[in-house]
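Overview (structure and organization)
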Amino acid sequence: MLIHKRIYNKKGAGSYTGSLPLELIFEISRHLSYDDLKNLAYASRNCFWLIQPVPDTNESWTSNCESFEECETRLDDVLNNPCVGAYVQRLILKPSCNIAKPTPEILRRERKLGQTLTLVLPHMPLLHTFLWDGFETLDEDVWTILHESCPKIRYIGTSVGALGSDNNSKLFSFSNLLGFRYFSKWQEKPLPSTFDEDINSLPDPMWEMLLRRCSQLHALEIGGQGSSLNTQLFDVRPLTNGRWPALRELTLGNTLMMNRSAENFVEEKYTMSQAFTTFLTFHDSLEKLHLPHCCRFPPVDLHSSPFLLKSFKGTFHYFHHFILPVAEELEELILCDEEHGAWYMPFIRPVFRTLQSLRRLVINIDLSVQLEDDPVDSESRETDHMVIFRHILSDCLQLEHISFICSTQQASNFAMEDLPQALIDKPANLKSIEVLKMDNKKEQCKFWTVASMLRQCPSLNSIKLRYTCDTWRYWRPEEIRHEGTFSVQRNSETGYPRTLQATETEVRSNGDRVIRQCFYPLPTFKKYVDSGSMLQRAKKEARKTVFNGVIWAMVHGGYGQKGKTIRSDWQRRDPGSF
């Protein structure tokens, strides 16, 4: 800190730093976001020099970019102001995360970003985390400069496209990594004419790096989401040779450990079962395990394993038969690798009741078939689909987050306005709920539905409702047509919800994305909670609020070009102005 003392006595510096010690100002700058740090640096010349990094400190700044515009802006800022780059410790670039298909223009912009990275990385000596999520991996020059200019790098992740990676790539020349991600992107592939799968072997230098030079690995991810129809299938059998005492997270996407079409399948299944069991048993610090479809992985015996999982993602069959012995302290369960029919739910619910520590649940349900066991309760207007949701919530009383992925092959499906009925027997500490509805109906988010859910479950802080353009197809990703995110703002004294902040995103047929933001007031909330009011009272109070109090009107913006985002702001209007 002493190297900055000379700035304090310069003319004009007292107006910015005279009332606070330099040590305190410097400590504050360490916790600022990118935009706030840049504004502080641009406030004056003295502030610009004041926040320069000091050696042997723990400055931390994360740059998380999820679009081409964000990536280009952040990299240009660091290129124009190299001193800001000295603060960067985590650089996460996802230029194509919201784009379904690559085009020549998209690939050209990705290559341009790679060229910019070769100029930016030398100005980031403190960088320890780097993630690239694009349709193709970066050029060799980027990995070479990252290896030479960033000696503190410990976490590396990259996507791999149709071109793959060179076996002699500098990407596999790192040592002492704590985290490594190597995943494939969603690709358009022709439907196969046979059942034989195209299995890709991972580069030998990659296994050499992971098995011999990264003994303190904490997190490892290999493979992408999806199936062999749209992502590359990686052979991860050499993984069982790994011994990482500090491994906490293991995520395997579209990968396999045994080939069902092989001639010696029975022998291979027995061999890989023992090898995978030994591998999992050795890693007593493992907390997060994500596995793909169970037919590609051998059975394991974990009854004598010393570890207890905190998170599992995979199929219910694999979880029930092999993972349940180490799920005593499970907090997160993601069952979305396969669809679970309505008829299958009675077999799943008893397992849910045994998970007393479960806090987050994500489940994929196929609602194409109507239930026959549970009759529709006409008095409370429950549909059979709401019965499924309500039973799941009543079985998991410790849940804080629930996410339903609902698909159907029929034109009709459940209505979102019935969701409040599913919250009758909700968990007491439920904080957020998310529902993804896959069908071809032109349904949209409604305030009445969200308000009724909030009155039925006052503990909710976040509600997200999403709709796709069509029913689910396993050979292509779902396309979100409409999404509504609702956040609750509470009264600081009583803790009851005060206002509801809504952000709705709609994708038009021409590719335009329209974003609408608004605030809904929620008055006299406590009265209706205490009296146990249901849907009709909630609607009556909401209408009373809107027409007798405040009206929220959208100020329409002009239509933009194809593929651009149009933001329509919602403003508070007095009823007399209409």
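Whatever comes next refers back to the structure up there.
In what follows, the accompanying structure is described.

Attention now goes to the overall build of the protein. The secondary structure content of the protein amounts to 18 helices and 22 strands. Split into buried and exposed, the 578 residues of the protein put 48% on the buried side. Across the protein, every contact between residues at least 6 apart in sequence was considered, and the portion connecting residues at least 24 apart equals 68%. Of the roughly 28300 Å² of accessible surface on the protein, a fraction of 50% belongs to carbon and sulfur atoms.

Using the criterion set out here, one finds 12 aromatic pairs in the structure. On the basis of an interplanar angle of 55° and a centroid distance of 6.2 Å, the ring pair of Phe 172 and Tyr 182 is categorised as tilted. Within this pair, whereas Phe 172 is found in the loop between β4 (155–160) and β5 (179–184), its partner Tyr 182 is found in strand β5, the two being separated by 10 residues in sequence. Ring centres of Tyr 182 and Phe 234 lie 5.9 Å apart, and the angle between their planes is 45°; this geometry places the pair in the tilted category. Pair noted here: Tyr 182 is in strand β5 and Phe 234 is in strand β8 (residues 233–235), with a separation of 52 residues, a long-range link. Residue class for Phe 234 comes out buried when judged on its relative accessible area of 3%. Each member of the aromatic cluster is reached from another via a ring pair, and the members are Phe 172, Phe 180, Tyr 182 and Phe 234. Over the face of the ring belonging to Phe 282 we find Arg 243, whose NZ or CZ atom lies 5.5 Å from the ring centre.

Each strand in a sheet pairs with its neighbour through backbone hydrogen bonds, running either in the same direction (parallel) or in the opposite one (antiparallel). Strands sit in the order β6-β8-β10 across an open sheet of 3 strands; the sheet is parallel. If you trace the sheet from one side to the other, it starts and ends with β6 (199–201) and β10 (255–256), each paired once. Pairing between β8 and β10: 2 bridges, direction parallel. In the strand pairing of β10, Asp 235 is matched with Leu 256.

So, on to the pairing of strand β9 (residues 249–252). Pairing analysis gives 4 bridges linking strand β7 (residues 219–222) to β9, with the strands arranged parallel. Bridge pairing in β9 links Ala 219 to Glu 249.

One pass over the full model with this rule turns up 16 salt bridges. One salt bridge in this structure joins Asp 395 and Arg 353, with 3.2 Å as the shortest N-O distance. With a gap of 42 residues between them, Asp 395 in helix α14 (residues 384–395) and Arg 353 in helix α13 (residues 345–354) connect regions that are remote in the sequence. Assessed through its relative accessible area of 11%, Asp 395 is described here as buried. Between Arg 516 and Glu 506 there is a salt bridge whose closest N-O contact spans 3.3 Å. In this pair, Arg 516 sits in strand β20 (residues 513–521) while Glu 506 sits in strand β19 (residues 497–507), placing the two residues 10 residues apart along the sequence. Looking at Arg 516, the relative accessible area reads 12%, which means it is buried. Assessed through its relative accessible area of 16%, Glu 506 is described here as buried. Because the salt bridges share partners, they merge into one network encompassing Glu 69, Glu 72 and Arg 109.

Okay, the pairing of strand β13 (residues 332–341) next. Judged from the 3 bridges that link them, strand β12 (residues 311–313) and β13 form a sheet pairing that is parallel. Residue Lys 313 lies in a different strand from β13, and its bridge partner there is Ile 334. Traced from β12 through helix α12 (residues 316–323) to β13, the parallel crossover comes out right-handed. Each parallel crossover has a hand, and the one from β13 via α13 to strand β14 (residues 360–366) is right-handed.

Our focus in this paragraph is the side chain of Glu 268. Its place among the elements puts Glu 268 in helix α11 (residues 265–282). Judged by its relative accessible area of 11%, Glu 268 falls in the buried class. Beyond its immediate sequence surroundings of up to four residues, Glu 268 is in contact with Arg 237, Met 257, Met 258, Asn 259 and Ala 262.

The subject of this paragraph is α13. Considered for burial, the residues of α13 that qualify are Met 345, Ile 348, Arg 349, Val 351 and Phe 352. Taken down its axis, α13 places every buried residue within 165° of arc, on the same side.

Looking only at helix α9 (residues 140–149), the buried set comprises Val 142, Trp 143, Ile 145 and Leu 146. An end-on view of α9 places all buried positions within 165° of arc, on one side of the element. Seen from the open side of α9, the exposed residues pointing more than 90 degrees away from its buried face are Asp 141 and Glu 148. Where α9 is buried, its residues contact α8 (104–120), β3 (129–132) and β4.

Moving on, we get to the nonpolar core. Core analysis: the largest hydrophobic core is formed by 120 residues, its most contacted members being Phe 130, Phe 180 and Phe 389. Excluding residues that lie within four positions of it along the chain, Phe 180 makes contacts with Ile 156, Leu 171, Phe 172, Met 206, Met 209, Leu 210, Leu 217, Ala 219, Leu 220 and Glu 221. Counting residues in each nonpolar core, the second largest holds 5 residues, with Val 362, Ile 405, Leu 436 and Met 438 among its members.

Once that is clear, we can look at the packing of α12 against α13. Across the interface, α12 lies against α13 with an axial gap of 12 Å and an inter-helix angle of 45°. Taken together, the axes of α12 and α13 lie oblique to each other. Crossing of α12 over α13 shows left-handed handedness. Each of Phe 316, Phe 319 and His 320 in α12 lies in contact with α13, whose residues at this interface are Phe 347, Ile 348 and Val 351. Residues belonging to the contact of α12 with α13 are distributed by class as follows: 5 nonpolar, 1 polar and no charged.

Basis of the calculations
Residues numbered from 1 in each chain as written. Predicted model: local features only at pLDDT ≥ 70, side-chain atom pairs only at ≥ 80, totals over all residues. Heavy atoms only, no water. Helix = DSSP H or I, 4+ residues; strand = E, 2+ residues; numbered from the N terminus. Buried < 20%, exposed > 50% of the residue type's maximum accessible area, 1.4 Å probe, protein only. Contact = heavy atoms within 4.5 Å. Areas by Shrake-Rupley, 256 points an atom, 1.4 Å probe, with all protein chains shown as cover. Phe/Tyr/Trp six-rings, centres within 6.5 Å; stacked < 30°, edge-to-face > 60°. Lys NZ or Arg CZ within 6 Å of the ring centre and 35° of its normal. Pairing = 2+ DSSP bridges. Salt bridge = Lys/Arg side-chain N within 4 Å of Asp/Glu carboxyl O. Right-handed = clockwise from strand over helix to strand, strands pointing away. Arc of directions from axis to C-beta. Core = buried A, V, L, I, M, F, W, Y, C linked by side-chain atoms within 4.5 Å. Axes fitted to C-alpha atoms, helices over the stretch in contact; angles between N-to-C directions. Parallel < 35°, antiparallel > 145°, perpendicular 65-115°, else oblique. Left-handed = near helix turned anticlockwise from the far one by under 90°. Nonpolar A, V, L, I, M, F, W, Y, C, P; charged D, E, K, R; others polar.

Any functional reading would require information beyond the geometric quantities listed.
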